[in-house]
Amino acid sequence: MLQSIQDYFRALAETHPHWNFIYLYDPVQAARIGEGLVMTLELSVLCVLFSVVIGVVGAWLQGSHLTWVRRFVQGYIQFFRNTPPLIQLLFFYFALGQFTPTYSPDGWLEVPVISNVGWAVISLSFFAGAFNVEIFRAGIEAVPESTVEAADSLGMSRLQIYRYVLLPLAFRVSLPALNNNLVNLVKTTTQAIVIAVPELLYQLVSIYNDYSTAQNACMVLMFVVYVVLVGILVMGMSRWERRLRIPGYGG
Amino acid sequence: MKQSLSVLALSLAIGVTASGTASAACTNDVWNKVMSRGKIVVGVKADYKPWGFRNESGEVVGMEVDMAKDVAEAMGVELEVVPVQSSNRMQFLEQGKIDLMIATMSDRPDRRQIVGITQPNYYTSGTNVMAPKALALKSWEDLRDKPVCGKQGAFYNKIVSERYGAKIIAFTGNAEAKQALRDKKCIAWVYDDSSIMSDLASGNYGEFEMPLASEDDNPWGLAVPKAELGCVFGNFMSGMTFNWHQSGRLIELEKKWGIQPTAYLAKQKERFADWISGQ
């Protein structure tokens, strides 16, 4: 069966030079796509986790009594929300990358402790994190003032109120918007190609550069993978949303 | 399994439409379009000094731009140059964003399936690396398991990683790749020897050298849309290239742009020499 599928696509490539599905019959190219897929998954999972953490912490800091903390969070949001992620990636990797410590395996090479993959995770997490802060802020503001006052009068500290009262309620309100932002984040990981992070797009572009007949086939795969990948994310998020639902609270 | 079956179904559906577009007779669509519009759009490099690059005032100039000018002049039309990248130049031509592509492209069998590469070839280059003198590289084998910067879209990335086990880090642009080399993120920059030579000659790369013997010498091809090959446009470009070789125009341009003289151009001039005048 597998053999016949491979033979079919090998023959298809010969008769239709624009439809060379090389990754379906050439194990070397299939392996490259596998590596790219793993890298894309790694980037997506790490960035989603970090950006949510940044969002939660940032939203908490935004409610701080200290003016400079609020200003700092505001500055962070403005910087990361107002600049394109592509520029952020280039800036982090090439400009900031020069100031990070390096080690040298051969006396000349200066391997930075933060690799291009590391910078991609950092930069994309901060990018999506900036949006997440605002998303969680919207959720926090939706929690009635009286609820916070009630917690306050029970003698809870600010952190306790955030942890046990505000966040659980705010989180439920924020989930749909968060869902959107995380979907965008997963798609933005493709931009890491500019700092040569070998994710799925990088591998596919490399493949169709090596085999120019494979371009359409690579594009098709790109769509299929992202439809599936984002589909899984959205499914997981809505399941979570349903599980967290409190009857009578929110929509 | 399920996924490959759905891809199979999709490819079958697409395969039917693709086979319908194959044509044999010359329509000369692109040629006619260029002539009636009075303007030819040529795709050239804008980051490949001195073939196609931006001068201080931002204009795209270079040896290939001069060639494009010759073409427009011979056709009696205006010229518009559009900067292209290695990774999108063939698609630009296929989609009709450009009418002609003169963009430092190596003539490869798989590329001939996509675009109409005309004969004779107009230039040739081999693969080499730019590496720091401090490393004193001796052979291609020195690249094994080392990070080597490259450019997305160069056909030899694959060869160098398969043959010598170099770990290619491919950037989307030359500028990024060379910056990564200067930042010491890789031990070498693998590219066309002719481009590396002109970089070294520019004096901006004092600590670097081109230490290895060039490999995989590969002629460059300019390209017309596939349907125009063997028709008016393709034949016209073959004639242009023939005359460029015979008249010594390419050698002249090579000199003008400070490119090291290549044996290839001298040999082609000799090969196409006029039997009466001997030149």
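What you see is a predicted model; the values in this text were computed from it and never measured. Positions within a chain are numbered from 1, following the residues in the order the chain's sequence is written. For this description, chains carry letters from A and ligands carry numbers from 1, given in the order in which they are written. Two thresholds apply to this predicted model, a pLDDT of at least 70 for residue-level local features and 80 or more for giving and counting side-chain atom pairs, whereas whole-chain, interface and lining totals are computed over all residues.

Asks: Let's hear about the overall build of chain B: which residues, and what values?
Replies: When helices and strands are tallied, chain B shows 11 helices and 14 strands. The atom set for the radius of gyration is the C-alpha atoms, and the globule formula is 2.2 Å times the number of residues raised to the power 0.38. In summary, chain B has a C-alpha radius of gyration of 20 Å against a globular reference of 19 Å for 279 residues, a match within 12%. The principal-axis extent of the C-alpha atoms belonging to chain B is close to 65 × 55 × 40 Å. Taking the contacts inside chain B whose residues are at least 6 apart along the sequence as the reference set, 67% of them involve residues at least 24 apart. Put simply, DSSP H or I for four residues or longer makes a helix, DSSP E for two residues or longer makes a strand, and each gets a number counted from the N terminus. Note on contacts: each residue gets a C-beta atom placed from the backbone, and two residues are in contact if those atoms are within 7 Å.

Asks: Give me the pairing of strand β1 (residues 39-45) of chain B: which residues, what numbers.
Replies: Residue and element names in this part refer to chain B. Exposure in this text rests on C-beta crowding, where 20 or more other C-beta atoms within 10 Å of a residue's own make it buried, 12 or fewer make it exposed, and counts in between make it partly exposed. The C-beta atoms are placed from the backbone. Counted residue by residue, β1 has six buried out of seven residues, so it is predominantly covered. In this structure, β1 lies alongside strand β5 (residues 78-84), joined through seven bridges in parallel fashion. The residue of β5 that forms the bridge with Gly 43 is Val 82. Pairing between two strands requires that DSSP report at least two bridges joining them. Note that β1 and strand β6 (residues 100-101) share two bridges and pair parallel. Residue pairing in the sheet places Gly 43 in a bridge with Met 101 of β6.

Asks: For the interface of chain A and chain B, give the residues involved together with the corresponding values.
Replies: Taken residue by residue, the interface counts 26 residues in chain A and 31 residues in chain B. Elements with a minimum of two residues in the side of chain A that touches chain B: α1 (2-15), α8 (200-210) and α9 (215-244) of chain A. Take the side of chain A that touches chain B: its biggest share by element is four residues, from α8 of chain A. Here the term charged refers only to Asp, Glu, Lys and Arg, the term nonpolar to Ala, Val, Leu, Ile, Met, Phe, Trp, Tyr, Cys and Pro, and the term polar to all other amino acids, Gly among them. Broken down by class, the residue content of the side of chain A that touches chain B amounts to 16 nonpolar, eight polar and two charged.

Asks: Account for the domain arrangement of chain B, with residues named and values stated.
Replies: Residue and element names in this part refer to chain B. As used throughout, domain bounds are those supplied by an automatic or database domain assignment. Parsing chain B into structural domains produces domain 1 (28-122 + 221-271) and domain 2 (125-218). For domain 1 versus domain 2, the distance between C-alpha centres works out to 25 Å. Every contact between the two is made by 13 residues of domain 1 and, on the other side, 14 residues of domain 2. Of the residues in the side of domain 1 that touches domain 2, the class split is three nonpolar, six polar and four charged.

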